[in-house]
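# Reading the structure
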Amino acid sequence: MDFSEFTKLMGADPGNQDPETLLARHSSPEFEAVAAEADAFEEKLQAALRIQPPADLLSQIKDISQLPVRQRNWIPLALAASLVIFIGAAGLVWKQSHQWDSVEAYVADHYSHDGSTALARAGNTLSGQDISKILARLDARADDQLSGRITFIKFCPTPEGRGAHMVVSTDQGPMTIIYMPNTRVADGETVMFDQMQALLVNLEHGSAAIIGERSQSIENLVVVVRDSLKTGLVDA
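Reference entry: report on the structure contained in this document. (Residues numbered from 1 in each chain as written. Predicted model: local features only at pLDDT ≥ 70, side-chain atom pairs only at ≥ 80, totals over all residues. Heavy atoms only, no water.)

Take the overall build of the chain next. Across its full length, the chain holds 9 helices and 8 strands. Scored against the burial criterion, the 236 residues of the chain give a buried share of 40%. The contacts in the chain between residues at least 6 apart in sequence include a share of 54% that link residues at least 24 apart. As displayed, the chain offers around 12800 Å² of accessible surface, 54% of which is attributable to carbon and sulfur atoms. (Helix = DSSP H or I, 4+ residues; strand = E, 2+ residues; numbered from the N terminus. Buried < 20%, exposed > 50% of the residue type's maximum accessible area, 1.4 Å probe, protein only. Contact = heavy atoms within 4.5 Å. Areas by Shrake-Rupley, 256 points an atom, 1.4 Å probe, with all protein chains shown as cover.)

Structure, rendered in structure tokens:
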């Protein structure tokens, strides 16, 4: 595994435990630095979920509520409580299971969360090995027609478990594919949000959302996804 492949893998799947990845982590100071940075970022995300309110927060609130109105000072506790709720919620929304009212709401929320970031991180075409490592964990495989276009891939949450977020190159510019292994959709439905459009596609197992700007024609990419994304494979 070369340095470029390792860097992309750490960005997509920092907890990867494949023997080749574990060996690469300690192959040189440069590799170790990238791994350490990825681990530190992952720890920050996990730390957001571990924030706990003060143990005596409720008793303090009860004590204040028993004071005369003029002597009550809610501001410090209100700020503390608000901070706990805000930071905890921010981490929970995308690191823990999130419930959406519909697949359409999920697609719009997901893309608004990190669609632009993924586009910005996309680079040259990834190696087939990088792509297959992630898709194989989802019992899927991308044939050359699709894998040759993928410039970014990572795991992502879906309405029903883990999926894959991909950026692909097209003759109209980059577009996004969100693969949902355990979710069925209204096949052929178009979802409009912000300045984007998404077309929902049922696959043999699971489904995908193909997302592009409203000025882009996404039908050709839909055909590629239907033909080239093989799903429901055991030991893919």
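Next comes the rest of the description.
Moving on, we come to helix 9 (residues 219-228). Those residues of helix 9 that sit buried are Leu221, Val222, Val224, Val225 and Ser228. The arc enclosing the buried residues of helix 9, seen along the axis, measures out at 160 degrees, which places them on a common side. (Arc of directions from axis to C-beta.)

Turning next to the packing of aromatic side chains. Scanning all chains against the criterion turns up 4 aromatic pairs. Judged by centre distance (5.0 Å) and plane angle (40 degrees), the ring pair of Phe6 and Phe31 falls under tilted. In this pair, Phe6 is assigned in helix 1 (residues 3-12) and Phe31 in helix 3 (residues 29-49), connecting sequence segments 25 residues apart. Residues Phe6 and Phe31 agree in their burial class; the two are buried. Measuring from centroid to centroid gives 4.9 Å for Trp100 and Tyr106, while their planes differ by 75 degrees, and the two rings are edge-to-face. Judged on exposure class, the residue Trp100 and its partner Tyr106 are both buried. (Phe/Tyr/Trp six-rings, centres within 6.5 Å; stacked < 30°, edge-to-face > 60°.)

Our focus in this paragraph is the pattern of salt bridges. Applying the stated criterion to the full structure yields 6 salt bridges. In this structure, Lys133 and Glu20 form a salt bridge, with 3.3 Å as the shortest nitrogen-oxygen distance. With Lys133 in helix 7 (residues 128-136) and Glu20 in helix 2 (residues 19-25), the pair connects residues that are 113 residues apart, well separated along the chain. Judged by its relative accessible area of 14%, Lys133 falls in the buried class. The residue Arg141 makes a salt bridge to Asp143 at a minimum N-O spacing of 3.8 Å. (Salt bridge = Lys/Arg side-chain N within 4 Å of Asp/Glu carboxyl O.)

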